[in-house]
Structure formats: C-alpha cells, structure tokens
Amino acid sequence: MTHDEVGELLGAYALEVVSAEERAVIDEHIKDCPVCAAEVADLMSVHDQLALASVERDPPPALRTRLMNLVELDRNQWLLEQARSAPDQGRPTSNAAWWKRIPMLAYGAGAAVLVAAVVLAVVFANRNSVTVHLFHGSAVAQVVKGIDLQGAAGTVGVRSDHSTDVTFSNLPALPSKLAYELWLIPAKGNPVAVGGFNAGANRSFTMRYNKDATGFAAAAVTIERAPGNWPSPSPNSMAIVVKLAS
Amino acid sequence: MVAGEPSDENLVARLRNKDTEAFAALYDRHSRLAFGLAYRMLGEPSAAEDVVQEAFLSLWRQAETFKPDRSAARTWLLSIVHHRAIDRLRRVGSREVSDGALEGMPERADDSIDVEHEVGVSLEAAQVRQALGTLPLEQQQAIELAYFGGFSHSEIAQKLDVPIGTVKGRLRIGLQKMRLSLGQAHLEGAARDA
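These lines cover the structure that appears in this document, whether it is placed above or below. Computed from a predicted model, the values in this text were never measured in an experiment.

**Brief notes about the overall build of chain B**
- On a plain count of helices and strands, chain B comes out with eight helices and zero strands.
- Listing the helices and strands of chain B from first to last along the sequence gives α-α-α-α-α-α-α-α.
- Within chain B, buried positions represent 46% of all 194 residues.

**A short note on the overall build of chain A**
- For chain A, the helix and strand inventory stands at five helices and nine strands.
- When the helices and strands of chain A are listed from N to C terminus, the series reads α-α-α-α-β-β-α-β-β-β-β-β-β-β.
- Buried residues in chain A amount to 47% of all 246 residues.
- For chain A, the accessible surface area stands at approximately 11,400 Å², while carbon and sulfur atoms represent 53% of it.

**Thoughts on the interface of chain A and chain B**
- With 42 residues of chain A in contact, the opposing surface of chain B contributes 49 residues.
- Across the contact surface, chain A and chain B share six salt bridges.
- Close ionic contact of A:R64 with B:D28 constitutes a salt bridge, the shortest N to O distance being 2.7 Å.
- For the side of chain A that touches chain B, the elements supplying multiple residues, two or more each, are α1 (3-14), α3 (34-49) and α4 (61-85) of chain A.
- Ranked by the residues each element gives to the side of chain A that touches chain B, the list is headed by α4(A), at eleven residues.
- Among the residues forming the side of chain A that touches chain B, the class breakdown is 21 nonpolar, seven polar and 14 charged.

**Concerning the pattern of salt bridges**
- The full count for this structure, using the stated rule, is 15 salt bridges over all chains.
- The shortest N-O distance in the salt bridge between A:E28 and A:K31 comes to 2.9 Å. Residue A:E28 and its partner A:K31 are both found in helix α2 (residues 20-32); the two are separated by three residues, about one turn of the helix.
- Using a relative accessible area of 46% as the deciding quantity, one classes A:E28 as partly exposed.
- Here B:R29 and B:E5 are joined by a salt bridge, their closest N and O atoms 3.3 Å apart. Of the two residues, B:R29 is situated in helix α2 (residues 20-42) and B:E5 in the segment before α1 (8-15); the sequence distance between them amounts to 24 residues.
- Each member of the salt-bridge network shares a partner with another, and the members are B:D50, B:E54, B:R84 and B:R88.

**Quick word on the nonpolar core**
- With 80 residues, the main nonpolar core has A:L15, B:F56, B:I143, B:L171 and B:M178 as its most contacted residues.
- The element best represented in this core is α2(B), accounting for twelve residues.
- Aside from chain neighbours lying at most four places away, what touches B:F56 is A:L67, B:F23, B:L26, B:Y27, B:H30, B:S31, B:A34 and B:L77.
- Within the second largest apolar cluster, 15 residues are counted, among which are A:V166, A:F197, A:Y209 and A:V221.

**Focus on the pairing of strand β4 (residues 164-169) of chain A**
All names here are of chain A.
- Alternating residues of β4 divide into T164, V166 and F168, all buried, and D165, T167 and S169, none buried.
- Looking at chain direction, β4 and strand β7 (residues 205-209) are connected through five bridges and run antiparallel. Among the inter-strand pairings, F168 is bridged to a residue of β7, identified as F205.

Rules behind the numbers
- Residues numbered from 1 in each chain as written.
- Chains lettered and ligands numbered in written order.
- Predicted model: local features only at pLDDT ≥ 70, side-chain atom pairs only at ≥ 80, totals over all residues.
- Heavy atoms only, no water.
- Helix = DSSP H or I, 4+ residues; strand = E, 2+ residues; numbered from the N terminus.
- Buried < 20%, exposed > 50% of the residue type's maximum accessible area, 1.4 Å probe, protein only.
- Areas by Shrake-Rupley, 256 points an atom, 1.4 Å probe, with all protein chains shown as cover.
- Contact = heavy atoms within 4.5 Å.
- Salt bridge = Lys/Arg side-chain N within 4 Å of Asp/Glu carboxyl O.
- Nonpolar A, V, L, I, M, F, W, Y, C, P; charged D, E, K, R; others polar.
- Core = buried A, V, L, I, M, F, W, Y, C linked by side-chain atoms within 4.5 Å.
- Pairing = 2+ DSSP bridges.

Encoded structure:
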C-alpha cells in the first residue's frame, strides 16, 4: 500500500473500522512515517472525544446497587488473597496463622483448622472507645453456610480503668457447635484470646473484659469450632480479612 | 468535577487498592455518560445496562493497567464502554446493513446554539456535538455509522450506496474538520481562562 493509499484510510483507521489486514499495514506504515503518525494521533484524539456526543442518561438505580455489591465482594476476595499470599506464597495452602498475613501485621507462624473468621481491625490509638465496622457481606456467608453476617457491626473500646468494652449488634446466633471468639492482635507476636461468646436472642453481645487492649494493632472475631474450650491457644479458623483499619 | 474533589486519575489510582468509595465516586461521576453512550449505540436499555456494568467492572478489576500518561480516566472508561458495545453489536451477528442505524442520529446542530449555555451538558460535550453536528451531513453520517453503529467502511459504503473510497474520504475529512473545530474551541477556552 502506498503512502497515499494509507492516507486515505487514516480516518477509518482512527475510527477502528478498517479490516484486520488494513490495520496491520497501517500499523507498520506509521512506524516509519511521522506524517501519517501525526495525523493518526490527531484523528484518534477526535475519536476519543466522540463519546461525548451522546446524550447523558440516568442508568437504572439498581445498577449502582448491583455494582457496589459486586465490587465489595471482589474487594473481600482480594483482601483474603492478599492475606493468604503475603508471607507464605508458594507453600501448600494452609489456613494457619492468618493474622501473620494481614498486610499490616507481618510476622510469625501458627496452626489452624478452617471454619471461618471475621476480622475487624482497629488501631487502638487512644483510650477512648474506637468504633470499628465488622465486615458484613456475602463472602463470609459463603464460607460459613447459613450464617449471614449482613449488617453485623461492633465496637471495641478501651476504658480508663484498662478494661475493654466489646459490643456487637446484628450478630447471628451460631449453631451449637460454633461460637465467636474475640482476639487482640499485637503488631508482633501471636493473637491474644480475649474470650468466647455467642450472640443472644436479640443478636447482640456486650461484654467488659478485664484486659487492656491498648497497644494492640488490631482486633479480630473468629468463628470457632470449639465452644466451651476457650481461650484457644490460637485462632482455629481461617481469616477472611475484610476490613483493615486505616 | 467540583473543585476540591479528587481527580478521576486519583480515584482510579485508589482502585488499585480496591477502594470502593473511589469506585462509587467514579460511578456517580460518569455513569450517566457511559449509559448514554451505550444506549445510543445499542438502542435498548437492558443491553446498555449490561455493557455499562461490564465496563465499570473492567475499570475496577483492571485499574492497574490504566496509564494516565496515555489518556484521561474518563476517556479510558468510555473507550471500554464503546468497545463492549461494539462487541455486542458484532456478536449479534450479521446485522442488516439496511436497518435503521441512522434513525438514532441526533438532529443536526444549529449553528446558533450557544454551547456555553446548553443546559446540563458540559462545555466539552457541547463542543463535540457542535463539531460533529456542523459537518456536512454525509460526513456526519459516515462518522456516526462508524463510531456509534460499529459498521466497517465497506458496510457503510453499502448502506449509503456510495463507493468505499468515498466513505474513506468522508471519514477522514470529517474527522480532520472536527479536529480543527475542537482545537479552535480549546484555544478559545484557554484564552477565556487566561
């Protein structure tokens, strides 16, 4: 194809309506022809603006809701993968010591069996009550079939007398063989079991623990398989790291 | 974008860390234009909705591939919408070249339109419409069939019953004129802002 023949096609090329063969020829030609390359750049800039000639329209409101649900699910999966792969990448998958793979907490080793866990991370920056948001979403519900944590929320706060208040709402009651367990996670070292609990009939839980959470980097709630056997030496459930404190 | 709000590029950068608030902000900022483009191309709300959903999910999942030095984030998003819509149009199969792709064309722009006062439309969008709408009809038709209809140059030639060389010329000259028109508008805008 001659220079002039290529030139005739540049509008169609910029609009991406040439054949694959024509595209290949033009791609080659503009590598060595600054005149055509410059024209292509000019015409492509117009192509990129043509979308603006459309009239804006309101999409259905449900689309936003659906997309937000999808990206939230994606985010949870991404965080889980981050947590799983950070220090132990390449090793056979083990759900051990998930707390070491939380990006903000890189350290140590451990052991575990899977059930599921909800991690809520909170930096204990001061002694005032710190509000944290418990993860809620379908990722957890998928792991622990039948347990829907949608809408669950909690706070973990340190009191001036060094005790720690923990309050949760909208926590689903667990089957008899499962129970929640609260953990405090230091920046280095293993999680410290605070205590086990189950949600009451009103799906809420409030407890004051005689343990000072000051200095811990995060708090986590797991769903454990060993009710009545607290405190466990280490979390016995896989982490679904869903929200890390900023 | 309101002054003080994060730029699109900043929001896309935050998507790399799976920032859902940044995603919501991008959606709220650009979903109307994205849906408008998809609807214009596909002419059917549910198909347009599917395409916009796919495009925003691509934005979310492929944010790390975005190159801010190559294009604006909005351009990137609309390019995804455009390509998804084209894919869908072509997937439908052997479209009848004689069907009503021209029926969705907007009325030709009136030279008397004061683009700065076109309600609800950004100045840039109004300038693009003006640049497109003031082209000779045959050039405008060819560009719209190519861009919004996804027709190849040979299909356009068939549709308009003209030689393919004529279509190539109309596309090229039409785009060149739009380039000049938009470049002039850009210069005038810069002069006003100075």
